[in-house]
Amino acid sequence: NILDLEKLSGNRSELDIDEHNVSKTIQKAIKGVEQIASKKDIKIKSSHKERVFAAYDEDRILQVLTNLLSNSLKFTEPHNGRIKILLEDLDKEVLVTIKDNGRGIPEEDKDYIFDKFYQSKNQNVKKPQGSGLGLAICKKIVESHKGSIAVDKKFKKGTRMMFSIPKEQ
């Protein structure tokens with residue numbers, strides 16, 4: 001993760017940009033985490049826009065989606081957890097929203113979650129889970145695609161994360 005982040009930070013990471021169907025990339029990400037979701041009995045739903053295309057590095061955007069889904073799975077209660085992915089085809093960009101009904105991000109953490117090595121102290125575990133690099137890497141990947149990523153600071157019933165990338169690079 002550290003090497004990955006350093007490559008992205010130094011713009012030494014080559015992106016393999018091509019036209020992809022965002023819906024299919026989202027389905028690949030869901031498939032990658034569905035075993036964990038199934039074990040925890042957490043439902044993942046996505047909007048069914050079949051043909052939304054954009055130019056991006058599919059492996060990198062898959063990494064962003066997988067990380068966001070993994071975070072939702074980590075902080076959502078087994079058996080009643082719900083994760084919803086919404087894909088919006090806007091004029092010049094695509095917007096992906098991932099929301100869950102988990103414990104949410106504490107107010108005091110929302111300004112820092114994309115910082116390197118930042119981990120919320122409110123994870124209800126003795127040692128914070130993860131490296132604290134996942135969201136920093138997501139931010140670098142999205143920004144390397146000339147997009148943006150954010151947490152919805154007004155969302156109160158869980159967590160809502162959004163990222164957008166331009167349709168054309």
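First things first, this report covers the structure right here in the doc. (Residues numbered from 1 in each chain as written. Predicted model: local features only at pLDDT ≥ 70, side-chain atom pairs only at ≥ 80, totals over all residues. Heavy atoms only, no water.)

**Observations concerning helix α4 (residues 134–144)**
Thinking step 1. Taken together, the buried positions of α4 are G134, L135, A136, I137, C138, I141 and V142.
Thinking step 2. Trailing α4 by a residue or two, K146 shows a phi angle of about 65 degrees, which is positive. (Buried < 20%, exposed > 50% of the residue type's maximum accessible area, 1.4 Å probe, protein only. Helix = DSSP H or I, 4+ residues; strand = E, 2+ residues; numbered from the N terminus.)

**What about helix α3 (residues 58–74)?**
Thinking step 1. Here α3 spans 24 Å end to end across 17 residues, near enough to the 24 Å set by a 1.5 Å rise per residue.
Thinking step 2. For α3, the full list of buried residues reads E58, R60, I61, V64, L65, L68, L69, S72 and L73.
Thinking step 3. N-capping of α3 is provided by D57, with a side-chain oxygen placed 3.1 Å from the backbone N of D59. (Expected span 1.5 Å × (residues − 1). Polar contact = N/O pair within 3.5 Å; in protein donor to acceptor, adjacent residues only side chain to side chain.)

**Let's talk about the pattern of salt bridges**
Thinking step 1. In this structure the tally under the stated criterion is nine salt bridges.
Thinking step 2. Between K28 and E58 there is a salt bridge, and its shortest N-O distance comes to 3.0 Å. A residue pair is termed long-range when its members are at least 10 positions apart, and K28 in helix α2 (residues 22–40) and E58 in helix α3 qualify at 30 residues.
Thinking step 3. What makes K28 partly exposed here is its relative accessible area of 43%.
Thinking step 4. Taking relative accessible area as the criterion, E58 reaches 14% and is therefore assigned buried.
Thinking step 5. Between K43 and D41 there is a salt bridge; the shortest N-O distance is 3.1 Å.
Thinking step 6. Using a relative accessible area of 31% as the deciding quantity, one classes D41 as partly exposed.
Thinking step 7. Where salt bridges share partners, they join E107, K110 and K156 into one cluster. (Salt bridge = Lys/Arg side-chain N within 4 Å of Asp/Glu carboxyl O.)

**So, unusual backbone geometry**
Thinking step 1. For D41, which is not glycine, the phi torsion reads 55 degrees and is therefore positive.
Thinking step 2. Position of D41 among the secondary structure elements: in the loop between α2 and β2 (43–46).
Thinking step 3. Positive phi is not limited to glycine here, since H79 has a value of about 75 degrees.
Thinking step 4. Structurally, the position occupied by H79 is in the loop between α3 and β4 (82–89).

**With respect to the sheet that holds β4**
Thinking step 1. If you trace the five strands from one edge of the open sheet to the other, you get β2-β4-β5-β7-β6, paired in mixed fashion. Because the sheet does not close on itself, it has two edges, and the strands there are β2 and β6 (148–151). The sheet shows a mean angle of 10 degrees between the axes of neighbouring strands, taken without regard to direction.
Thinking step 2. Bridge analysis of β2 against β4 gives four bridges, and the strand direction is parallel. Paired with I44 across the strands is I83, a residue of β4.
Thinking step 3. Those strands touched by α2 are β2, β4 and β5 (93–100), and its axis lies near 175 degrees from that of β2. (Pairing = 2+ DSSP bridges. Axes fitted to C-alpha atoms, helices over the stretch in contact; angles between N-to-C directions. Contact = heavy atoms within 4.5 Å.)

**Examining the side chain of S23**
Thinking step 1. For S23, the location among the structural elements is in helix α2.
Thinking step 2. Of the residues examined, S23 reaches a relative accessible area of 9% and is grouped as buried.
Thinking step 3. With sequence-adjacent residues up to four places away left out, S23 is seen in contact with K49, E50, R51, V52 and L87.

**Thoughts on a positive patch on the surface**
Thinking step 1. Among the surface-exposed residues, K45, R82, K84 and K99 lie close enough to one another that they form a single positively charged patch.
Thinking step 2. Assignment of secondary structure puts R82 in strand β4.
Thinking step 3. Given a relative accessible area of 41%, R82 falls into the partly exposed group. (Patch = residues over 30% accessible without salt bridge, like charges linked within 9 Å, V, L, I, M, F, W, Y side chains within 5 Å. Areas by Shrake-Rupley, 256 points an atom, 1.4 Å probe, with all protein chains shown as cover. Lys, Arg positive; Asp, Glu negative; His and termini not counted. Charge placed at Lys NZ, Arg CZ, Asp CG, Glu CD.)

**Description of a negative patch on the surface**
Thinking step 1. A grouping of D16, D18, E19, D59 and E168 is seen on the molecular surface, where their side chains present a negatively charged patch.
Thinking step 2. For E19, the position within the fold is in strand β1 (residues 18–21).
Thinking step 3. Look at E19 and you get exposed, because its relative accessible area is 52%.

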